[in-house]
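What the coordinates show
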Amino acid sequence: MAQTSQLGSGLAGLTELGFERVDVESASTQVIPMDGHRCKVIATRPAMGTLVSLTVVARSQHRAEDAIGRAFQEMDRLIAIFNRYDAASAVSQLNDAGRLDKPPTELVRVVSQAQKYHDLSRGVFDISVAPLVDLFGNNAGGGPSRSEISDVLELVGAQHIGVSRRRIQLDRSGMRVTTDGIAKGHIVDGVARVLERRGIREYLVEAGGDIRVSGTKSRPWTVAVQDPHRSGRFPDTIRLTAGAIATSGGYERYYDPGRNFHHIVDSKSGSSPQHSDSVSVIAPNAMAADALATVVFLMESSSGIAFVEALSGCECLAILRDGTQVKTTGWSRLAQRP
């Protein structure tokens, strides 16, 4: 029997990418008895601008709840590092000073991986777009002018970021980074690691558009991908026993009435891509899925699909603006018709 999760509920979290506080329903916990003296514990908490849900299957309710509690503690610890809206976070300190000595190991890892995806995507993935994202967010009328965008583009370029265990350096004055396109996946992976260390073998971690699972062949997790424009409609579903899936989309949060500017920004042109409405990527871990979904969303769809086809253990589904679906060949092996 498959266990089900709707990726669509997570997509709503894309309205608040970044880690701003949002007013959502309070934390909740549900315990569901199962066969074989097992139980399923589902705990939900607001965090990272969305609802974070942990679903754990275990023989002991106490073990499940203890693991979930420790996993949420790890989530809070990691958020405190990457939240650029918190002046005390490591990312904010880096942005304010332009350098950070003795950076947290977690930040070094995320920035290093971000640089890896920057190189792999030939500059498409770029965490130095923070000034552009903020420019769009601060011009919520008709959007920024072309000259304003051109000026800010001078501050963008991940090749000007230096990273080592001793220091992270932003080589251009006024540069800032945003880890929103990769850190959420890293946090989801960190939560999953805690569950595994506590002996949990069946779980689903969902944070907005990022999901990490561990299941069995007899009890895979079924994840439904939501139609970007029709709530309650799921164009495809997949079954996963391990790994992660992440979705990127710009359709929920536009900064202008003409719906030309949203929170995902091309670091080369300074504009928001208009090729796809949403991109879902399956990868071995959530950090990879998170970054790759952003990369493909920024690319023209055929180039993005070809990019993922060349990566081992990764698959992709893109829903274009006209509703057309394009996918990698391996996606169909994991998919089942809704």
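Look up: the structure comes first, before these words.
Summarised in this report is the structure supplied together with it. Residues take numbers from 1 onward in each chain, read along the sequence in its written order. With pLDDT at 70 or above as the cut-off, local features in this predicted model cover only qualifying residues; side-chain atom pairs require 80 or more to be listed or tallied, and sums for whole chains, interfaces and linings still use all residues. Calculation of side-chain values draws on the structure's entire complement of heavy atoms; hydrogens and water are dropped beforehand.

**A word on the overall build of the protein**
Segments assigned H or I by DSSP are reported as helices when at least four residues long, segments assigned E as strands when at least two residues long, and all are numbered from the N terminus. Along its length, the protein carries ten helices and 16 strands. Three exposure classes are used, based on accessible area relative to the maximum for each residue type with a 1.4 Å probe and protein chains only: buried under 20%, partly exposed in between, and exposed over 50%. When burial is assessed residue by residue, the protein has 57% of its 338 residues classed as buried. The contact definition used throughout considers only heavy atoms, calling two residues in contact when any of these lie within 4.5 Å. Long-range contacts, defined as pairs at least 24 residues apart, comprise 64% of the intrachain contacts of the protein with a sequence gap of at least 6. Entry remark: accessible area of the protein is about 14,400 Å², with carbon and sulfur atoms responsible for 47%. Per-residue and other accessible areas follow the Shrake-Rupley method at a 1.4 Å probe size, with only the shown protein chains counted as cover for residues.

**So, the sheet that holds strand β9 (residues 210-214)**
Spatially, nine strands are ordered β2-β3-β4-β8-β9-β12-β13-β14-β15 in an open sheet, and the strand pairing comes out antiparallel. Two strands bound the open sheet, and with one partner strand each, they are β2 (28-33) and β15 (325-327). Looking at each pair of strands side by side, their axes are set apart by 10 degrees on average, direction ignored. We treat two strands as partners when DSSP finds at least two bridges between them. Where strand β13 (residues 276-283) lies against strand β14 (residues 315-320), six bridges are found, and the strand directions are antiparallel. What sits directly across from S278, in β14, is I319. Between N-to-C directions, angles span 0 to 180 degrees; the directions come from axes that are lines fitted to C-alpha atoms, helices contributing only their stretch in contact.

**Side note on the nonpolar core**
Nonpolar side chains tend to gather and get buried jointly when the protein is soluble and globular. Counting residues in each nonpolar core, the largest one holds 76 residues, and the members touching the most others are M75, L107 and I161. Of all the elements, helix α8 (residues 286-298) adds the most residues to this core, at eleven residues. Each residue touching I161, except ones within four places of it in the same chain, is listed here: V111, Q115, I127, S128, I168, Q169, L170, M175 and V177. Within the second largest apolar cluster, twelve residues are counted, among which are W221, V225, I245 and I282. For the purposes of this section, nonpolar cores are sets of buried Ala, Val, Leu, Ile, Met, Phe, Trp, Tyr and Cys residues that join through side-chain atoms within 4.5 Å.

**Thoughts on the environment of V152**
Relative to the elements of secondary structure, V152 occurs in helix α6 (residues 146-153). You can call V152 buried: its relative accessible area is 14%. Along the chain, V152 and A130 lie 22 residues apart, while their C-alpha atoms are 9.7 Å from each other. Among residues more than four places away in sequence, those in contact with V152 are P131, L132 and L135.

**Things to note about the pairing of strand β12 (residues 242-249)**
Counting buried residues along β12, seven of its eight residues qualify, which places the element largely inside the surrounding structure. Here β9 runs beside β12; their pairing, made up of five bridges, is antiparallel. For S214, the partnering residue across the bridge sits in β12 and is A242. Bridging between β12 and β13 involves six bridges; their strand directions are antiparallel. Following the sheet pairing, G249 is matched in β13 by S278.

So, to be careful, I would describe these as geometric facts and stop short of saying anything about function.
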